[in-house]
Amino acid sequence: MTDPDVIVIGSGGGGAVIAKELGEKGLQVLVLEAGPWYGNSQWPDPNTNRGAQSSSKPDDLNIFLFKEQYNKNEDEMNDLITGRLRWGPADRNRPPWFRSVTERGFVWQNSGVGGTTQSYLANSPRAFPVTVDHVWPISYRELIPYYEKVEATLPVEFAPMTSKEELFFYGAKKAGWQLIPTLNVTVPGYRPQPNAILPPNKNLTNPDYSVEQLSWMQGCTLAGHCINGCPHGPSVDKIAKRSTNVSYVPLALKTGRVTIRPNAFVTQILTETHLTEGLRAIGVRIRETWTGETEEIRAGVVVMATGTIESPRLWLNSGLPSNPWVGRGLVNHYFDWVTGMFDEKDLVAILGSPDINPFVGHTSGGRLDYPGLGSIQVTGMSPGLSASMSYGLSQSGYSSMQPPLTGMPWYAKGRVIGPELQQWMENYRRTLSIVIFADDEVNYRNGVTVDPANKDENGPVPKVSYVPGQRGSWNRNELVKIAVEILRKAGAKKVLRTDWPASLMIHMESTMRMGFVVDDSCESYQTKRLYIADNSVHFNALGGANPTLTTQALATRTADKLVEKYF
């Protein structure tokens, strides 16, 4: 495609959404994606061969390749250095793209068509209304129709109950919490997780069908591999977990007006000074990740959807006008992780089974929301990832060095090793884990800059700094108390708090904030015809709600605003 109407940079949570919306409105759209495209017949071996340049045909989506390339093996898929789902070029023999993280931790993001939604858990709650109304430049009511459109398109459904959700709700109810009956959360309580995952396969309990046969049918099989990339479904557009590469990308291709080009890293936004518009975006410079060749492409409008780290990096590396809030105000839900171990007899009494089997079902199918504090979610991963999250990451050192706290004698804290680790893993099937998302406030000191003295093949690398504030730290401790109490009420005999490092970054937001860097249509104040459609435009951290659905709702709204102004 030459000279499209709109160039969209990135095909993840926001980019694929706005591409589909613009294509349906009649615009010619080119999506540039830095990573590979799995499940497309134009790239039969996407990690070893360059393949084609682009694809615009839904018939190129190939379910056989997709299932071959999303193979459920934890290390093959989720190794941050060499996994298929990493932040790096398609060629896995080359290192991932570097980010300089100044505090202990790492950034968990994916390149590739679908972006980080390839490994996300598909959790799709709305923001807490109290964090938007009279805070953002737009109201929560204005967001609702866009939430509803995205929820219907993906679609978003409440998660089915498996043992880990049943036990979590049992503990939450005994701890005195109420069930929340609405998507618009205004009071504390627990509820099934609103997930972008298709309802369970109707033949799931029919013994006439094998596991292999079920995996080729429509509907979730409760196989529990959400984080490793879901391969279950009869066609690419019917895969159970609704990452954007299986939901919005097929819909975008079906418009006949959207072309997607993988292996194309955008290194610069091109601009010109116009007589009436002033400085405006006119295109991009890209670097082909296999060959290193560079190219310039022009368009009427450019949309950055590269994420909270890369959008400010691209702005700064492009030499766009100085703005004190570009890259500043980074928020990251201050995470923690708490795991309980249960006895067989207690589980039989509650669940009718001696095991929880936390890997069964949606990876995260239940949550408790507390506007003002954040959220906690029941989470069950496969054994290796569970061991990493529960027992291998801690800013407290070893648990043997952390005596129980006064007033909180119910849990140990820190990494476990040796016989204690062996005991936790031997009882893996009888453990229940809860992840904590504490709301933190925007702070100017946190953010993304670039270091011109430290470059990779795509230019000066991003330097990421995040130190949680007092409010975030207080919120996290309060949510840990709630999680521990729920586990205790559910009958846990032993509880371990991991105490994750603060810079373990998964839900990054707000480095290109609405009202500071972009206007309420998400167009740059200083560079016309340049829009942003990713988490970076969020005004805050949504109160602790997972950010993807809000990004998708905003991207849908931005498409309306963009077309209304320029086409």
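We now turn to the structure provided with this report. (Residues numbered from 1 in each chain as written. Predicted model: local features only at pLDDT ≥ 70, side-chain atom pairs only at ≥ 80, totals over all residues. Heavy atoms only, no water.)

Notes on empty space enclosed by the protein
Next, step 1: For the structure on display, the rule yields 6 cavities of 30 Å³ or more.
Next, step 2: Quantified by volume, the second largest cavity comes out at close to 110 Å³.
Next, step 3: A class-by-class count of the residues in the lining of the second largest cavity yields 8 nonpolar, 4 polar and 2 charged. (1 Å grid on protein atoms, 1.4 Å probe; cavity = no way out; pocket = protein on both sides within 12 Å on 5 of 7 lines; lining within 4 Å. Points joined across faces, edges and corners; volume = space filled by probe spheres on them. Nonpolar A, V, L, I, M, F, W, Y, C, P; charged D, E, K, R; others polar.)

Quick notes on the layout of surface pockets
If a probe as big as a water molecule is rolled over the atoms, it shows which places are left empty.
Next, step 1: By volume, the largest pocket is sized at about 260 Å³.
Next, step 2: As for the largest pocket, its lining consists of 14 residues, of which Leu80, Pro96, Trp97, Phe106 and Val107 are closest to the centre.
Next, step 3: It is strand β4 (residues 105-107) that contributes the most residues to the lining of the largest pocket, 3 residues altogether.
Next, step 4: Here the residues of the lining of the largest pocket sort into 10 nonpolar, 2 polar and 2 charged.
Next, step 5: By volume, the second largest pocket amounts to about 170 Å³.
Next, step 6: Residue lining of the second largest pocket: 13 residues in total, with Thr153, Asp237, Lys238, Arg242 and Leu251 positioned closest to the centre. (Helix = DSSP H or I, 4+ residues; strand = E, 2+ residues; numbered from the N terminus.)

Thoughts on the sheet that holds strand β8 (residues 258-261)
Next, step 1: The strand order across the open sheet built from 5 strands is β8-β2-β1-β12-β24, with neighbouring strands paired in parallel fashion. At either end of the open sheet lies a strand with only one pairing partner, and these are β8 and β24 (530-532). The average angle at which neighbouring strand axes cross in this sheet is 20°, direction not considered.
Next, step 2: Looking at chain direction, strand β2 (residues 29-32) and β8 are connected through 4 bridges and run parallel. Paired with Leu32 across the bridge in β8 is Arg261.
Next, step 3: Relative to the sheet, helix α1 (residues 15-24) contacts β1 (6-9), β2, β8 and β12 (301-304), its axis offset from that of β2 by approximately 170°.
Next, step 4: On the sheet, helix α8 (residues 307-317) packs against β1, β12 and β24 and is oriented at approximately 135° with respect to β12. (Pairing = 2+ DSSP bridges. Axes fitted to C-alpha atoms, helices over the stretch in contact; angles between N-to-C directions. Contact = heavy atoms within 4.5 Å.)

Describing the nonpolar core
Next, step 1: Core analysis: the biggest nonpolar cluster contains 104 residues, and Ile9, Leu22, Leu32, Ile269, Val284, Val303 and Met304 have the highest contact counts within it.
Next, step 2: Broken down by element, this core gets its largest block of residues, 8 residues, from helix α13 (residues 548-566).
Next, step 3: In this structure, Ile269 is in contact with Ile9, Ala281, Gly283, Val284, Val302, Met304, Leu314, Ser318, Leu320 and Leu530, ignoring residues within four places of it in sequence.
Next, step 4: In this structure, Val107, Ala172, Leu351 and Leu487 belong to the second largest nonpolar core, which totals 40 residues. (Core = buried A, V, L, I, M, F, W, Y, C linked by side-chain atoms within 4.5 Å. Buried < 20%, exposed > 50% of the residue type's maximum accessible area, 1.4 Å probe, protein only.)

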